[in-house]
Amino acid sequence: MGNVISQNRGTLSLASTVRHRIDWSRKALRFARSYVQRYFDPNRFKPVAKPRLSIETTNVCNAKCVFCANPLMQRRKMPLPMELFKKSVDEVAAMGSTVLDFNVTIGDPLLDPYLLERARYVTRNYPQFSSLGFVTTLQWLHRFDMDEFWDSGLTWMSISTALSGREKYAEFFGVDKYEQMMTNLLRLIEENQRRTRKIEYLIQIKPTNEPIEAVLAHPDFQCINGLVDADLVAHVNARGFYVDDWLGAVKLPPYLKKRPLYPRAFRPCAQLFGGLIVYSNGNVGACNCRDYEANSELMLGNVKGTSLSEMWSGEQLAHLRSDWRRKNKVPEICKTCRHYLY
């Protein structure tokens, strides 16, 4: 009897291994096909005429997420001065751009003291930016009057959170703000339901160190899942445990996995051709992924003294692209970046 059970277990294990390898092979094939198609796309290495702009309105964040470099950041924590913010928006609008967001490299826009003033400046002066939003933990929504928040013109938020209790939340986000986040989330859902103009919100449930079944069974998850239109069950089942370690600066917990390092020889990252980021100190970068100190070779200048148009069309960014493409001179910060876009 024992031999039969052992044989059955061995058969199941072999079947699982075969399924895993088939699944991996299919993913590898899809990646190879996509990689080759994009490589020969004639527009792949041409900068867009109207770049998008991300504005780091503040680099202040209270959380200490297990996958984030926030606790390591040495640059001054500050909101972007309003005069530099307005200059940036004016200039990118004059370039004909239609994509603008308040996405940060590090920071939570809800901790920006000028957030609503900035949103009103964009939405009331430049209707070409029909979409405006940011990523947040939602821990600080209670700081705002809801009428003013909705009237600011913000259109979307991506909410980085966990819905499986105070302990797991504190373990992942590094702060004891679970109840505060839950109160804010319930308030956001309620306000959105009763108002004519909706703010689109996407609840991104982070991979905490627990079985998926425990997440799905938690009363808070079930409560929120019953209040929103999105299928959070499918989201949890499909979520990945692949994150970035900020070029080796962050020691990830064992249950999180590093994203793969995609080949990038003679193939500059697509980020260099799509847009710019203005950091909270006014520095302007060619990519908003991993440069948490805003001081790498991807810095193109400071918006205080140079226009965005000059930096987007200037020799420095052109050389970054061409040196990578023709000489395989990859910027140091890009060599091990796991957010590389092929």
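Because the structure is a prediction, the values reported are computed rather than measured.

### Observations regarding the nonpolar core
(1) Moving on: Residues Phe 149 and Leu 308 are the most contacted members of the largest nonpolar core, which totals 93 residues.
(2) Moving on: Contact partners of Leu 308, with chain neighbours within four places excluded, come to Leu 53, Ser 88, Glu 91, Val 92, Met 95, Leu 276, Val 278, Val 284 and Val 303.

### Focus on the sheet that holds strand S2 (residues 100-101)
(1) Moving on: In spatial order, the strands read S2-S1-S8-S9-S10; together these five strands make up an open sheet with mixed pairing. Each edge of the open sheet carries a strand with a single partner, namely S2 and strand S10 (299-302).
(2) Moving on: Bridging between strand S9 (residues 283-285) and S10 involves three bridges; their strand directions are antiparallel. Residue pairing in the sheet places Asn 283 in a bridge with Asn 302 of S10.
(3) Moving on: In the packing of helix H2 (residues 82-94) onto the sheet, contacts are made with strand S1 (52-55), S2 and strand S8 (275-278), and the angle to S1 comes to roughly 170 degrees.

### Notes on the sheet that holds strand S4 (residues 156-161)
(1) Moving on: Read from one edge to the other, the open sheet built from three strands follows the order S3-S4-S5, with strand pairing classed as parallel. Two strands bound the open sheet, and with one partner strand each, they are strand S3 (133-136) and strand S5 (200-205). Neighbour to neighbour, the strand axes of the sheet diverge by 15 degrees on average, direction disregarded.
(2) Moving on: By the bridge criterion, four bridges tie S3 to S4 in an arrangement that is parallel. What sits directly across from Val 135, in S4, is Ser 158.

### Side note on the packing of H2 against helix H3 (residues 115-125)
(1) Moving on: One way to put it is that H2 packs onto H3 with a least axis distance of 11 Å and a crossing angle of 25 degrees. As summarised for this structure, H2 and H3 are arranged roughly parallel, according to the angle between their axes. Crossing angle aside, the handedness with which H2 passes H3 is right-handed. For the pair H2 and H3, the contacting residues are Met 82, Phe 85, Lys 86, Val 89 and Asp 90 in the first and Glu 117, Arg 118, Tyr 121 and Val 122 in the second.
(2) Moving on: Among the residues forming the contact of H2 with H3, the class breakdown is five nonpolar, no polar and four charged.

### Some remarks on empty space enclosed by the protein
It is the rolling of a water-molecule-sized probe over the atoms that shows where space remains empty.
(1) Moving on: This structure, assessed with the given rule, holds one cavity of 30 Å³ or more.
(2) Moving on: Of the pockets and cavities examined, the largest cavity occupies roughly 120 Å³.
(3) Moving on: The class makeup of the residues in the lining of the largest cavity is ten nonpolar, two polar and three charged.

### Overview of the packing of aromatic side chains
(1) Moving on: Inspection of every chain in the model, using the stated rule, returns 15 aromatic pairs.
(2) Moving on: Considering the side-chain rings of Phe 45 and Phe 273, the 6.1 Å spacing of their centres and the 70 degrees angle between planes classify their relative orientation as edge-to-face. Of this pair, Phe 45 sits in the loop between helix H1 (2-39) and S1 while Phe 273 sits in the loop between strand S7 (257-258) and S8; the two residues are 228 residues apart in sequence, bridging distant segments of the chain. Note on accessibility: Phe 45 and Phe 273 belong to one class, buried.
(3) Moving on: Taking the centre distance of 5.5 Å and the plane angle of 45 degrees together, the rings of Phe 67 and Phe 172 count as tilted. Of this pair, Phe 67 sits in the loop between S1 and H2 while Phe 172 sits in helix H5 (residues 166-173), placing them 105 residues apart in sequence.
(4) Moving on: Residue Phe 172 is classed as buried on the basis of its relative accessible area of 2%.
(5) Moving on: Here the aromatic cluster, defined as three or more aromatic residues joined through ring pairs, consists of Phe 67, Tyr 169, Phe 172, Phe 173 and Tyr 178.
(6) Moving on: Lying over the aromatic face of Trp 246, Arg 290 brings its terminal NZ or CZ to 3.7 Å of the ring centre.
(7) Moving on: Positioned above the aromatic ring of Phe 45, the side-chain terminus of Arg 325 is 3.9 Å from the ring centre.

About the cut-offs
Residues numbered from 1 in each chain as written. Predicted model: local features only at pLDDT ≥ 70, side-chain atom pairs only at ≥ 80, totals over all residues. Heavy atoms only, no water. Core = buried A, V, L, I, M, F, W, Y, C linked by side-chain atoms within 4.5 Å. Buried < 20%, exposed > 50% of the residue type's maximum accessible area, 1.4 Å probe, protein only. Contact = heavy atoms within 4.5 Å. Pairing = 2+ DSSP bridges. Helix = DSSP H or I, 4+ residues; strand = E, 2+ residues; numbered from the N terminus. Axes fitted to C-alpha atoms, helices over the stretch in contact; angles between N-to-C directions. Parallel < 35°, antiparallel > 145°, perpendicular 65-115°, else oblique. Left-handed = near helix turned anticlockwise from the far one by under 90°. Nonpolar A, V, L, I, M, F, W, Y, C, P; charged D, E, K, R; others polar. 1 Å grid on protein atoms, 1.4 Å probe; cavity = no way out; pocket = protein on both sides within 12 Å on 5 of 7 lines; lining within 4 Å. Points joined across faces, edges and corners; volume = space filled by probe spheres on them. Phe/Tyr/Trp six-rings, centres within 6.5 Å; stacked < 30°, edge-to-face > 60°. Lys NZ or Arg CZ within 6 Å of the ring centre and 35° of its normal.

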